[in-house]
Structures are given as C-alpha cells and as structure tokens.
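One letter stands for each residue in the lines below.
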Amino acid sequence: FAMFRIITALFLKDTLSIAAADADMVIQDKMREKHAYAMKLKDFFEAADCNCDGFLTIDEFESVLEDERITTYLASLELDVTQTKLLFAMLDDGDQRISVDEFVKGAIRLKGQARSQDVIAIMHDCTKMMKKLEGLQEVVVAALSGRSHADPWAPPAGARTREGAHVVVGA
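Remember, predicted model here, so these are calculated numbers, not experimental data. (Residues numbered from 1 in each chain as written. Predicted model: local features only at pLDDT ≥ 70, side-chain atom pairs only at ≥ 80, totals over all residues. Heavy atoms only, no water.)

Undergrad: What's the story with the overall build of the chain in this structure? I'm lost.
TA: Looking only at helices and strands, one finds six helices and four strands in the chain. Counted from the first residue to the last, the chain has its helices and strands arranged as α-β-α-α-α-β-α-α-β-β. Here the chain holds 171 residues, and the buried ones make up 18% of them. Sequence separation of at least 24 residues holds for 44% of the intrachain contacts in the chain that already meet a minimum separation of 6. (Helix = DSSP H or I, 4+ residues; strand = E, 2+ residues; numbered from the N terminus. Buried < 20%, exposed > 50% of the residue type's maximum accessible area, 1.4 Å probe, protein only. Contact = heavy atoms within 4.5 Å.)

The following block contains the structure:
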C-alpha cells in the first residue's frame, strides 16, 4: 500500500509540473500572437502612411480603406472598418492624426467583440458622468436664475405658473 502511495505521489508531481509548464507555454504563445498581431498592424500602418510622416490623417485613412483588399485584410485581423470616421475618432487622441502607437494600441483594444467587462466599465463611466452633469446642471440653473443651490428647480420669487410653465412677473 505504501508503495502505491509513493508511485501516486510521483505521478502527481510529474503531472503538476507538466501542467505548470503547459501554462507557461500558453502564456508565451499568447504573447507571441499579440506581438505578431502588433507587427501586422504596424506593417499596415506604414503602407497606409502615404507621405511617410509617421502619422495617418483622416484623408489618408479613408483613401487606403477604399481598397477592398485592405478592408478584407483588416477584417481578417478582426477590425471592423465599415465606419471609417468613427474608427478614426476612436483611434485618434484628438490631434486629428493617428501615430503608429495610437493605431496599434487602439486596434488591439478594438480587436474582436466587446467583452462584458468593457460594457460594464462604460456603463459605470456613464453613470458617473450623469451624476456630475446633474450637479453641474443644478449649479448652472441656480446661477442663471439667481436661486440658491438648495432648490434650483423651484420657480423664482414672484413667478406665476400657467400650464406647468414658469412665467416671471415683471421681467
């Protein structure tokens, strides 16, 4: 019986070490795939950069995406290029041109379908923005109407209402 336990322990030890090595191999494979994908994107960028200035403008971007072979290639890289201006806006940092780093990093983020985590993060950000906008709206309405922050939606002093609308007397 003791011999059986020793053999089982040795077998488990070998199995666990192989599994650990397998996990490392999977990580290495994923890293290689990501690097190869980034290199393909970089190659595309360099081919699309007509004036070789290291940036793509919207005109260069639209021009290169008119070629069906290019759009098919990008689709094979899991990039949806059907809405050119929207894609450009998502990749651009606001300076109306895309650098190779912006393109590669943005394309990697956009690859494939949206994950649940991405959708939840967007919903969370939208909720935070709505709360901030509501607070800002209260401050603006109060400032414009001379009311306090306590009740920015209350009608101004001396106002009469007609069919739910505020009418200021003497204004």
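Next comes the rest of the write-up.
Undergrad: What is the right way to look at the packing of helix H4 (residues 84-91) against helix H5 (residues 100-110) in this model?
TA: The geometry of a pair of packed helices is captured by two quantities: the angle between their axes and the separation between those axes. Two elements in contact, H4 and H5, have axes separated by 9 Å at closest approach and are oriented at 110 degrees. The angle between H4 and H5 places the two elements in the roughly perpendicular class. Remark: the crossing between H4 and H5 carries right-handed chirality. The segment H4 lies against H5, with Leu87, Met90 and Leu91 engaging Glu102, Phe103, Gly106, Ala107, Arg109 and Leu110. For the contact of H4 with H5, the residue count by class is six nonpolar, one polar and two charged. (Axes fitted to C-alpha atoms, helices over the stretch in contact; angles between N-to-C directions. Parallel < 35°, antiparallel > 145°, perpendicular 65-115°, else oblique. Left-handed = near helix turned anticlockwise from the far one by under 90°. Nonpolar A, V, L, I, M, F, W, Y, C, P; charged D, E, K, R; others polar.)

Undergrad: Help me understand H4, please; the structure alone is not making it clear to me.
TA: Residue pairs three or four apart in sequence face the same way in an α-helix, which turns once every 3.6 residues. Looking at H4, one finds that the buried residues are Thr84, Leu87, Phe88 and Leu91. Down the axis of H4, the buried set is contained in an arc of 100 degrees. They therefore lie on one face. Here the buried face of H4 lies against strand E1 (55-57), helix H2 (58-64), strand E2 (97-99) and H5. (Arc of directions from axis to C-beta.)

Undergrad: What's the story with the packing of aromatic side chains in this structure? I'm lost.
TA: According to the stated counting rule, one finds three aromatic pairs in the structure shown. Between the aromatic rings of Phe45 and Phe103, the centroid separation amounts to 5.8 Å while the plane-to-plane angle is 45 degrees, which identifies the pairing as tilted. Placement of the pair is Phe45 in helix H1 (residues 2-48) and Phe103 in helix H5, with a sequence separation of 58 residues. Like Phe103, Phe45 is buried. Ring centres of Phe61 and Phe88 lie 5.7 Å apart, and the angle between their planes is 55 degrees; this geometry places the pair in the tilted category. Separated by 27 residues along the polypeptide, Phe61 in helix H2 and Phe88 in helix H4 bring together distant segments of the chain. Assessed through its relative accessible area of 4%, Phe88 is described here as buried. Members of the aromatic cluster, each reached through a chain of ring pairs, are Phe44, Phe45 and Phe103. In this structure, Arg97 packs its charged tip against the face of Phe55, placed 3.5 Å from the ring centre. (Phe/Tyr/Trp six-rings, centres within 6.5 Å; stacked < 30°, edge-to-face > 60°. Lys NZ or Arg CZ within 6 Å of the ring centre and 35° of its normal.)

Undergrad: Would you take a moment to explain the pattern of salt bridges for this structure?
TA: Proximity of charged atoms lets side chains of opposite charge pair with each other. On inspection of all chains with the given rule, the structure shows five salt bridges. One salt bridge in this structure joins Lys30 and Glu33, with 4.0 Å as the shortest N-O distance. Here Lys30 and its partner Glu33 are both found in helix H1, three residues apart, which amounts to about one turn of the helix. (Salt bridge = Lys/Arg side-chain N within 4 Å of Asp/Glu carboxyl O.)

Undergrad: Sorry, what's going on with the confidence of the model for the chain here?
TA: The predicted coordinates ought not to be read in detail in places where the model reports low pLDDT. Of all residues in the chain, 79% have pLDDT values of 70 or greater, and the mean over the chain is 78. The secondary structure element of the chain with the lowest average pLDDT is strand E4 (residues 165-168), at 49, and the one with the highest is E2, at 91. (pLDDT = per-residue confidence, 0-100.)

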